[in-house]
Structure formats: C-alpha cells, structure tokens
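Listed below, chain by chain, are the residues.
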Amino acid sequence: MLDADIKGQLAQYLELMEGNVLIKVSAGSDDVSKDMVALVDELASMSPKIKVERAELSRTPSFSINRIGEDTGVTFAGIPLGHEFTSLVLALLQVSGRAPKVDEQTIEKIKNIKGQYSFESYISLTCHNCPEVVQSLNLMSILNPNVTHTMIDGGAFKDEVESKDIMAVPSVFLNGEFFGSGRMTVEEILAKLGSAPDASEFADKEPYDVLVVGGGPAGSSAAIYAARKGIRTGIIVERFGGQVMDTLGIENFISMKYTEGPKLAASLEEHVKNYNVDIMTLQRAKRLEKKELIEVELENGAILKSKAVILSTGARWRNVNVPGEAEFKNKGVAYCPHCDGPLFKGKHVAVIGGGNSGIEAAIDLAGIVDHVTVLEFMPELKADAVLQERLYSLSNVTVLKNVQTKEITGTDKVNGISYMDRDTEEVKHIELQGVFVQIGLVPNTDWLGEAVERNRIGEIIVDSRGATNVPGVFAAGDCTNTPYKQIIISMGSGATAALGAFDYLIRS
Ligand SMILES: Cc1cc2nc3c(=O)[nH]c(=O)nc-3n(C[C@H](O)[C@H](O)[C@H](O)COP(=O)(O)OP(=O)(O)OC[C@H]3O[C@@H](n4cnc5c(N)ncnc54)[C@H](O)[C@@H]3O)c2cc1C
C-alpha cells in the first residue's frame, strides 16, 4: 500500500510510539476493505507495538485505534491515505501515549468536557482543510473518554454522503445532528461546545504599546517585529494563517521552492509564540475608537486599549450575492475546489468567475467532475493566457462569456443556475449540481465603519509606513490599498507597519 519513501518516514515516526496500541478492524470482502486490511497489516508489520484484531464496528470497512484494554473512540471509516495519512500517524502516536503538541490550557479544557459527545466527520482525501478537524476531534477523543470520533471518507461511503446531502467537506455531525462544516481548530470546536473566553477574562489587561488585529501573514509579521523591539505587544487572532489556510500549494514564498498553506500557517503561529506576545485566539474585533488611547472592542464585549494598533484583518471570498447562494451554501454552493471537488465526481458544476482563481478551479474540477461550465461577466476571461490555453484544451469544459449570474436554483440542494446573456438579455437555465464561486476577495474592514479612511472598495488607505489617517493606527496586508495581494507582500507590509508604529511611539 505504501511506497518506499513514505514507509521510510513512517518507520521513523513509529519509533516514537510509547506504548502498545490495538487496532480493531471491521472488514468485508469488498475492495476498499481489502486495501484497508493491507494498510493495517503493513502498519503492524512495521512496529511490534501495533497489535491487530478483527472486530465488528458500526461501519465496514473501518478500524479503530485503542489502548490495550481501553477503547479510545478514534475510528477511521475508509482508508486514511492522502491528506489524512498524517491524521492516522498522529492517532497512533497519541494513543500510544505520546504527548500531543497542544498547550496545557487546551488539554485541560478537553479533559473537563462533561456529557457524551459522539462526533462524525465526513472528509475527502484530497481536502487540505479536513486533517485539522479530524486531528482535533481525534485528540479530544483520545484525551476524554466521553468523546468519540469517526472520520468517514466520503469516497468510500458514497451512499451515506448522498443520504445526508453532504456537499462540502469537512462536515461534522455531533450526536447525529449537523455541528459545522469547513476548517475548525480545536479551540474553535471547544468554543462551539461552550468554552469560549468571555469579556471578564480580558478585564485585567494593561494597555498595549502595539495591538495587532488579525493573525494572517501580515499580522504575524507585525507582531514579531513589534515584540522584537521589546515593547508590550498583543495580537487578536481569530485564526492563525488567514487565507494561507485556504491555500494548498505555495510556490512563490521566496526561499522555499514549495510549501503548503497549513504548514506555513503552523510556522507563523510557532514563530509568533517564540516571542513575548499576548496572543488572544478565537477573538474578533468589532469596533475601533481613538480616544486618549486607541480602543478595540471584541465581539465578546471586552475592550482592549493600546497606544498603537496595526490592522491586518485581510480579506475573504467575495459572494456573488444572487438568490440561492446563501441558501445552498454547503448544499451545492462551494468556494474551495480542492476540498469539495471530489464530492461532485461525475456531476455537472459551474464555476462563476474567469480570473486566475476561477480558471484554476475549472481546470482542477474538469479532472474530477463530468462537465464544468465557466460563467464570466466580462466579454473576455481575465485569467493568464497559459491558464486559458489549458482550459480551452479540455473537452469537458464550456465557457460562457459576457453573462450575468441571476440565480442558483434548487430545492433542498442545488439543481441549476440561471444566467442572462448580456448581449441579448435572454435568461437561460442550466441544470447542474454544484456551483463554485470564484470572483475574488473583499477586505475584512466593514467593522471599522468611519473609524479609519477606506477607499471605494473598502480597503484601508495607508502611506509608505503603513500609517492610516488616524494617528497611531497602522494597517498592513490584504485589508489595505496595496496593489498586490500576496503572502510575501503582506509579511513585508506587516513589518513596515510595526516599524512605523515603533517610530510613532518613540516620537509621541
Ligand atoms: C485560495 C488562495 C490561494 C492563494 N495562493 C497564494 C500563493 O500561492 N502565494 C501567495 O503569495 N499568495 C497567495 N494567496 C494570497 C495570500 O494568501 C494573501 O495575500 C495573504 O494571506 C494576505 O495576508 P493578510 O495577513 O493580509 O490577510 P489574511 O491572510 O486574510 O489574514 C487576515 C486574518 O485576520 C482575521 N480577521 C478578519 N477579520 C477580523 C476581525 N474583525 N477581528 C480579528 N481578526 C480578524 C482573519 O480571520 C485572518 O486570520 C492566496 C489566497 C487564496 C485565497
């Protein structure tokens, strides 16, 4: 099942196992079962600490990973290869007794969860957002006997996916009810279960010298640069990494030929944690006001004060804002082709948007689905010529230019799309099962209202030092009017804003 390279790496990881684990295998005579048994046997042949026994679990094919004499509740239904292979390796190590790389506070929160929680997560093996959810839920299962988690590969359990109308991964169910979908950190899952910090936990915070809002590349870089000046630095982080977490392959982060979004996001977090920065995770800012100090109010009502603030709240997918988009989100309307593409195998999907991201999505999807229809508002596609050439070479793609999307139709899930030909004004309807919206990004700055000057499209206007029109308020990255939106540019502008803020502090 495993090639020589992977086996070599795996052998090193399995060396780290501390105690014995028992894998209980529920297999039938189907092909997936045979492959799964081959994988488990291969694992067992590589470590004397792995024991295997046949069992009847609630799904076949599946296997659970347990301590000897104690079920942990960690189950993989299907074969956790692809992006989930790391989840399998981590589960083996953690069940064997190896300490997880999670802070003590989070471990305590997990251990203190009361009540019975049975999680099921539906994933696809090509989804780069899924492993974090699977690994978080596995960890909760391993640390708390009241929690169980089954990862279900949608590709191996197609009937179940169809019957539950799952059209986006990861989709998580708790005790049989829908719990959430999309990427979630362990802190976010815990917050959803009711353990988010409230305003009182922030009441005693002294004012900061620099308070950074947003933990993407720009914010992380700003926090590191500020902390290195030895000044009191805080960072409000809804989620480390920002858009980087939605990115699979990154080939233009200079000095690294290739990396992947989640890996880079984890490095950002680790780097910030290396400094004396007060990190406030799972928090969103909702108001900024300049008084004697600058005040930032969080959504939980807490008010933080700082001499200087760096805004680095980035950007999010732009919605197409037509009837049906919000209604059928995760029911056929999707934004992440890498994640959700496999769920549309053999189906007809539309991609709205003919820029680079839209055409990349269409090319990617054409390899999986039956047919892709691209809808572009302008008379020409805006994507790079090389991408257009590749697109037009594909036989299962139709490109509609100069068309306006009018409605995404459906009953309980998407069944079509209506668009208007802008030349003739004729409205047409195509029957299809999925719509991927790829029409660019919108800055996360609505919450600022009139507090700082923004341009027509909501970007914060900054000068060459990252300063806004409000003394002491700086901004960096994709939320600003910088013409190019890239990781390396955001990091550079985060550094600029932190140095600009430091200059401001020593002069005021
Ligand atoms: C699919 C995709 C692929 C990409 N590929 C590449 C690539 O290959 N190479 C490259 O260089 N660039 C790439 N980019 C662009 C790159 O990811 C961005 O330019 C970069 O992440 C911007 O960094 P940022 O810190 O300014 O903002 P973001 O990454 O958007 O981070 C902003 C952070 O602020 C948080 N936030 C938002 N609002 C609030 C609030 N009110 N309070 C607190 N926090 C808040 C967000 O949750 C987020 O964590 C890609 C982008 C996407 C979407």
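Keep in mind that this is a model prediction, so the values were computed, not measured.

Caption draft 1: Looking closely at the overall build of the protein. On a plain count of helices and strands, the protein comes out with 13 helices and 27 strands. Expected size for 508 residues packed as a compact globule is a radius of gyration near 23 Å; at 24 Å, the protein falls within 12% of this value. The C-alpha extent of the protein, read off along each of the three principal axes, is 70 × 65 × 45 Å. Counting every position in the protein, which comprises 508 residues, the buried fraction comes to 44%. Considering only residue pairs separated by 6 or more positions, the protein has 69% of its internal contacts joining residues 24 or more positions apart.

Caption draft 2: How the structure looks around the site of the ligand. Taken together, 32 residues sit near the ligand, with Gly214, Gly216, Gly242, Gly314 and Gly477 positioned nearest. Breaking the shell around the ligand down by element, the ones donating at least two residues are helix H8 (217-227) and helix H13 (487-507). Within the shell around the ligand, the residues separate by chemical class into 11 nonpolar, 15 polar and 6 charged.

Caption draft 3: Structural detail: helix H2 (residues 31-46). Here H2 is 16 residues long and its end C-alpha atoms lie 23 Å apart, about the 22 Å a rise of 1.5 Å per residue gives. Along H2, the residues that are buried comprise Met36, Leu39, Val40 and Leu43. Looking straight down H2, one finds its buried side chains confined to an arc of 95°; they lie on one side. Across H2 from its buried face, at more than 90 degrees, point the exposed residues Asp31 and Ser45. Summarising the contacts, the buried residues of H2 are in contact with strand E1 (21-26), strand E2 (50-54) and strand E3 (62-67).

Caption draft 4: The arrangement of unusual backbone geometry in detail. In this chain, Thr60 is followed by Pro61 through a cis amide linkage whose omega measures 5°. The residue after Val169, namely Pro170, is reached through a cis peptide bond having omega -10°. With respect to the element layout, Pro170 can be found in the loop between helix H6 (158-163) and strand E7 (171-174). The phi dihedral of Asn402 falls on the positive side, at around 60°, and the residue is not glycine. C-beta crowding within 10 Å serves as the criterion here: with 15 such atoms nearby, Asn402 is assigned to the partly exposed category.

Caption draft 5: Broad picture of the sheet that holds strand E6 (residues 147-153). The sheet built from 8 strands is open, its strands ordered E2-E1-E3-E4-E6-E5-E7-E8 with mixed pairing. The open sheet terminates on both sides in strands that have one partner only, identified here as E2 and strand E8 (177-181). Strand-to-strand twist across the sheet, computed as the mean angle between neighbouring axes with direction ignored, equals 25°. Of the strand pairs in this sheet, strand E5 (residues 117-123) and E7 are connected by 4 bridges, and their pairing is antiparallel. Note that in E7 the partner of Phe119 across the bridge is Leu174. Helix H3 (residues 85-95) rests against E1, E3, strand E4 (70-77) and E6 of the sheet, and its axis sits at about 25° to E3. Sitting on the sheet, helix H5 (residues 130-143) is in contact with E4, E5, E6 and E7, with an inclination near 150° to E6.

Caption draft 6: A look at the nonpolar core. If you look at the biggest cluster of nonpolar residues, it comprises 83 residues, and the most contacted ones within it are Val349, Val351, Ala362, Leu365, Val435 and Phe436. Element by element, the count of residues in this core is highest for H5, at 7 residues. Excluding its chain neighbours within four sequence positions, the residues that come into contact with Phe436 are Ala334, Tyr335, Pro337, Val349, Val351, Ala361 and Leu365. Membership of the second largest hydrophobic core comes to 49 residues, among which are Ala222, Leu311, Val452 and Ala501.

Caption draft 7: Geometry of the sheet that holds strand E19 (residues 348-352). One open sheet holds the 5 strands; their spatial order is E18-E25-E19-E20-E21, and the pairing between them is parallel. In this open sheet, the two strands that pair with only one neighbour each are strand E18 (333-334) and strand E21 (397-400). As paired strands, E18 and strand E25 (residues 434-437) are joined by 2 bridges and run parallel to one another. Its bridge partner lying in E25, Val333 is registered against Val435.

Caption draft 8: Structural view of the pairing of E6. The buried fraction of E6 amounts to 7 of the 7 residues, a majority that puts the element mostly inside the structure. Note: E4 against E6, 4 bridges, orientation parallel. Within E6, the residue paired with Ala77 across the bridge is Ile152. Across 7 bridges, E5 lies against E6 in parallel orientation. Pairing of Glu120 across the sheet is with Thr150, part of E6.

Caption draft 9: Layout of the packing of helix H4 (residues 104-111) against H5. Direction vectors running N to C along H4 and H5 enclose 65°, while the axes themselves pass 9 Å from each other. Accordingly, the angle class assigned to the pair H4 and H5 is roughly perpendicular. The two elements H4 and H5 cross, and the hand of that crossing is right-handed. Here H4 contributes Ile107, Ile110 and Lys111 to the contact with H5, which in turn contributes Leu139, Met140 and Leu143. Classifying every residue of the contact of H4 with H5 gives 5 nonpolar, no polar and 1 charged.

Caption draft 10: Spatial organisation of the environment of Ile236. Examined against the element boundaries, Ile236 turns out to sit in strand E10 (residues 233-237). Here Ile236 falls in the buried class, since 25 other C-beta atoms lie within 10 Å of it. The spacing of Ile236 and Val213 is 23 residues in sequence and 4.9 Å in space, taken between C-alpha atoms. What Ile236 contacts, discounting residues up to four positions off in sequence, is Val213, Met280, Gln283, Ala285 and Leu298.

Caption draft 11: Seen up close, the pairing of strand E16 (residues 303-311). As judged from the 5 bridges shared by strand E9 (residues 208-213) and E16, these two strands associate in the parallel manner. Looking across to E16, one finds that Val210 is bridged to Ala308. Relative to E16, strand E15 (residues 294-298) is paired through 4 bridges, and the arrangement is antiparallel. Looking across to E16, one finds that Glu297 is bridged to Ile303. Connecting the antiparallel pair E15 and E16 is a turn made up of 4 residues, with Gly301 showing a positive phi of about 100°. Judged from the 3 bridges that link them, E16 and strand E27 (residues 473-475) form a sheet pairing that is parallel. Bridged to Val309 within E27 is Val473.

So, how was this worked out
- Residues numbered from 1 in each chain as written.
- Predicted model: local features only at pLDDT ≥ 70, side-chain atom pairs only at ≥ 80, totals over all residues.
- Helix = DSSP H or I, 4+ residues; strand = E, 2+ residues; numbered from the N terminus.
- Rg over C-alpha atoms; globule rule 2.2 N^0.38 Å.
- Buried ≥ 20, exposed ≤ 12 C-beta atoms within 10 Å, placed from the backbone.
- Contact = placed C-beta atoms within 7 Å.
- Near = placed C-beta within 6 Å.
- Nonpolar A, V, L, I, M, F, W, Y, C, P; charged D, E, K, R; others polar.
- Expected span 1.5 Å × (residues − 1).
- Arc of directions from axis to C-beta.
- Pairing = 2+ DSSP bridges.
- Axes fitted to C-alpha atoms, helices over the stretch in contact; angles between N-to-C directions.
- Core = buried A, V, L, I, M, F, W, Y, C linked by C-beta atoms within 7 Å.
- Parallel < 35°, antiparallel > 145°, perpendicular 65-115°, else oblique.
- Left-handed = near helix turned anticlockwise from the far one by under 90°.

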